[in-house]
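Structure assessment
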Amino acid sequence: QVLLAESGGGLVQAGASLKLSCGASGPAFGNYAIGWFRQAPGKERDFVVAISWSGGITHYADSVKGRFTISRDNAKKTVYLQMNSLKPEDTGVYYCAASVGYGSTPYRQDEYLYWGQGTQVSVSS
């Protein structure tokens, strides 16, 4: 089992940057692919980005390509999400999740076994 905890959220103005962290506890963190999802107020939770267990393969939603960067440090059991040029539409609760392997469908939430509690990101215009 993997326990996940997000941190780094906050309130920023449009154009600013934030760096989220997803810390994990439990064995074999390096065996899991990690995804980030977000849920805007009144909307469904959507895929943002995912990274393979090794960090060598990443997948980004079109809405964040070129602005967000995912990385991981398996020794620290942490995945990072660097978010630049934030927009008001990036507002939401950001969740990280762990998957034993999402294959070609990293955007599918049912591919993920473990979820964090989320961290709020608010971007004002």
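Relevant structure appears above.
First, a word on scope: everything that follows refers to the structure included in this document. (Residues numbered from 1 in each chain as written. Predicted model: local features only at pLDDT ≥ 70, side-chain atom pairs only at ≥ 80, totals over all residues. Heavy atoms only, no water.)

Remarks on the nonpolar core
Judged by nonpolar contacts, the single largest core of 34 residues is most densely connected at Ile 34, Trp 36, Phe 68, Val 79, Leu 81, Met 83 and Tyr 94. Elements with a minimum of two residues in this core: strand 3 (18–25), strand 4 (33–39), strand 5 (45–51), strand 7 (68–73), strand 8 (78–83), strand 9 (92–99) and strand 11 (119–124). With 5 residues, strand 5 is the largest single contributor of residues to this core. (Core = buried A, V, L, I, M, F, W, Y, C linked by side-chain atoms within 4.5 Å. Buried < 20%, exposed > 50% of the residue type's maximum accessible area, 1.4 Å probe, protein only. Helix = DSSP H or I, 4+ residues; strand = E, 2+ residues; numbered from the N terminus.)

A short note on the packing of aromatic side chains
Tallied over the full model, the rule gives 6 aromatic pairs. Here Phe 37 and Trp 115 contribute two aromatic rings whose centre-to-centre distance is 5.0 Å and whose plane-to-plane angle is 50°, an arrangement assigned as tilted. Of this pair, Phe 37 sits in strand 4 while Trp 115 is found in strand 10 (residues 114–115), placing the two residues 78 residues apart along the sequence. Among the residues examined, Phe 37 registers a relative accessible area of 0% and is labelled buried. Connected via pairs of aromatic rings, a cluster forms that spans Phe 37, Phe 47, Tyr 102, Tyr 112 and Trp 115. The ring of Tyr 80 carries the charged tip of Lys 19 above its face, separated from the ring centre by 4.7 Å. It is Arg 45 that lies over the ring of Tyr 95; its NZ or CZ is 5.0 Å from the centre. (Phe/Tyr/Trp six-rings, centres within 6.5 Å; stacked < 30°, edge-to-face > 60°. Lys NZ or Arg CZ within 6 Å of the ring centre and 35° of its normal.)

Here we look at the state of the cysteines
Using the criterion set out here, one finds 1 disulfide in the structure. The disulfide that involves Cys 22 links it to Cys 96, with 2.1 Å between the sulfurs. Around the S-S axis, the bridge from Cys 22 to Cys 96 shows a dihedral of about 75° and counts as right-handed. With Cys 22 in strand 3 and Cys 96 in strand 9, this pair connects stretches of sequence that are 74 residues apart. For the pair Cys 22 and Cys 96, a shared accessibility class is recorded, and that class is buried. (Disulfide = S-S within 2.5 Å.)

Focus on the pairing of strand 11
In strand 11, alternate side chains face the same way, and those of Thr 119, Val 121 and Val 123 are buried while those of Gln 120, Ser 122 and Ser 124 on the opposite face are not. Summarising the sheet, strand 2 (residues 10–13) and strand 11 pair through 4 bridges and their orientation is parallel. Opposite Gly 10, over in strand 11, you have Val 121 as the bridge partner. (Pairing = 2+ DSSP bridges.)

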